[in-house]
Amino acid sequence: DLTNKIEELTAQSARLNTEIKNHEKEVAENQASLDKATALREKQLAEFNAEEKDLLESISALKAAVTVLSKHNAAAGFLQIPSSHVLGVAATLQNELSKHASLLEGVLTCSERKAAAAFVQAPQDYFDAAPTFKQSYAPQSGEIFGILRQMKETFESNLSASHKEEMANQK
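Only a predicted model underlies this, so the values are computations on that prediction, with no experimental measurement involved. Going along each chain's sequence as written, the residues are numbered from 1 onward. The model is predicted, so local features are restricted to residues of pLDDT at least 70 and side-chain atom pairs to those at 80 or more, both for listing and for counting; the totals for chains, interfaces and linings are taken over all residues. Side-chain measures here rest on the full set of heavy atoms in the structure, leaving out hydrogens and waters.

## Topic: the confidence of the model for the chain
In this model, the chain carries an average pLDDT of 85, and 85% of its residues clear a pLDDT of 70 or more. The pLDDT score gives, residue by residue, the confidence of the prediction method on a 0 to 100 scale. By definition, any uninterrupted DSSP run of H or I lasting at least four residues is a helix, any uninterrupted run of E lasting at least two residues is a strand, and each is numbered from the N terminus. Element-level mean pLDDT values for the chain span from 67 in helix α5 (residues 123–128) up to 92 in helix α1 (residues 2–75). The contact definition used throughout considers only heavy atoms, calling two residues in contact when any of these lie within 4.5 Å. Throughout residues 133–138 the model reports pLDDT below 50, and contacts reaching past four residues in sequence, or to other chains, amount to four contacts.

## A closer look at the side chain of H100
Within the secondary structure, H100 sits in the loop between α2 (83–99) and α3 (101–104). Only protein chains enter the area calculation, which uses a 1.4 Å probe; residues under 20% of their type maximum are buried, those over 50% are exposed, and those in between are partly exposed. You can call H100 buried: its relative accessible area is 6%. One polar contact links H100 to D54, side chain to side chain, over a distance of 3.4 Å. Contacts of H100, omitting those with residues within four sequence positions, involve D54, L55, S58 and F155. In protein, a polar contact requires one atom able to donate a hydrogen and another able to accept it; more generally it is a pair of N or O atoms within 3.5 Å, and residues adjacent in sequence count only if both atoms are side-chain atoms.

## A short note on the pattern of salt bridges
Between side chains of opposite charge, pairing is possible as soon as their charged atoms come close. The salt bridge definition used is simple: a Lys or Arg side-chain nitrogen within 4 Å of an Asp or Glu carboxyl oxygen. Considering all chains together, one arrives at six salt bridges under this definition. E19 is paired through a salt bridge with R15; the nearest N and O atoms lie 2.8 Å apart. One end of the pair is E19 and the other is R15, both in helix α1 and four residues apart, which spans about a single turn. With a shortest N-O distance of 3.9 Å, K43 and E47 are connected by a salt bridge. Residue K43 and its partner E47 are both found in helix α1; the two are separated by four residues, about one turn of the helix.

## Points about the packing of α2 against helix α4 (residues 110–121)
Running from N to C, α2 and α4 cross one another at 130°; their axes reach a closest spacing of 9 Å. Taken as axis vectors, α2 and α4 run oblique relative to one another. When you trace α2 past α4, the crossing you get is left-handed. Taking contact as the criterion, the partners of V86, V89, A90, L93, Q94 and L97 in α2 are, on α4, A116, F119 and V120. All residues other than Ala, Val, Leu, Ile, Met, Phe, Trp, Tyr, Cys, Pro, Asp, Glu, Lys and Arg, Gly among them, are scored as polar; the first ten of these are nonpolar and the last four charged. A per-class count over the contact of α2 with α4 returns eight nonpolar, one polar and no charged. Orientation is described by axes fitted as lines to C-alpha atoms, over the contacting stretch for helices, and by angles from 0 to 180 degrees between their N-to-C directions. Here the word oblique covers every angle except those under 35 degrees (roughly parallel), over 145 (roughly antiparallel) and from 65 to 115 (roughly perpendicular). By definition, turning the near helix anticlockwise from the far helix through less than a right angle yields a left-handed crossing, and turning it clockwise yields a right-handed one.

## Let's talk about the nonpolar core
Joining through side-chain atoms within 4.5 Å is the link that ties buried Ala, Val, Leu, Ile, Met, Phe, Trp, Tyr and Cys residues into a set, and such a set is a nonpolar core. Of all hydrophobic cores here, the largest spans 24 residues; its most connected members are L93, L97, F119, I147, L148, M151 and F155. With residues near it in sequence (within four places) discarded, I147 still touches L93, L108, E112, A115 and A116.

Here it is in structure tokens:
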């Protein structure tokens, strides 16, 4: 009877040792999965923080450019803006167009891109030029003003979408 009990307990011990090894393997796999998920989440958070910082800087720069144009446009015409302000707006526009080319793909029309390029190439000359047959006689600053506002709105909506995505990723 004692021999049977020893055999029974030996078998039970072997089974429990096998179960322990399987559980240890499972725990190791789960830890590896958790480490991988943690690394992915840290990467997502870093990307979000970089994108958020970049978009906030772009939005701020575009707000400043819009403010410069709107103040001087409302005052007495675009031609009275100091050259340094016009060059600053042109530099902002060029920087944001190149930095966010993929984001602006499909947002700006071909004619808006051409107008922006013409403005960036020769900011002072752009507003001195007389309107052509196809252009309205409204100040050309209005077109650049519209492009800047459209870019700012695009960046703001992209930032909002990024915030929503980040909130979902936090869950």
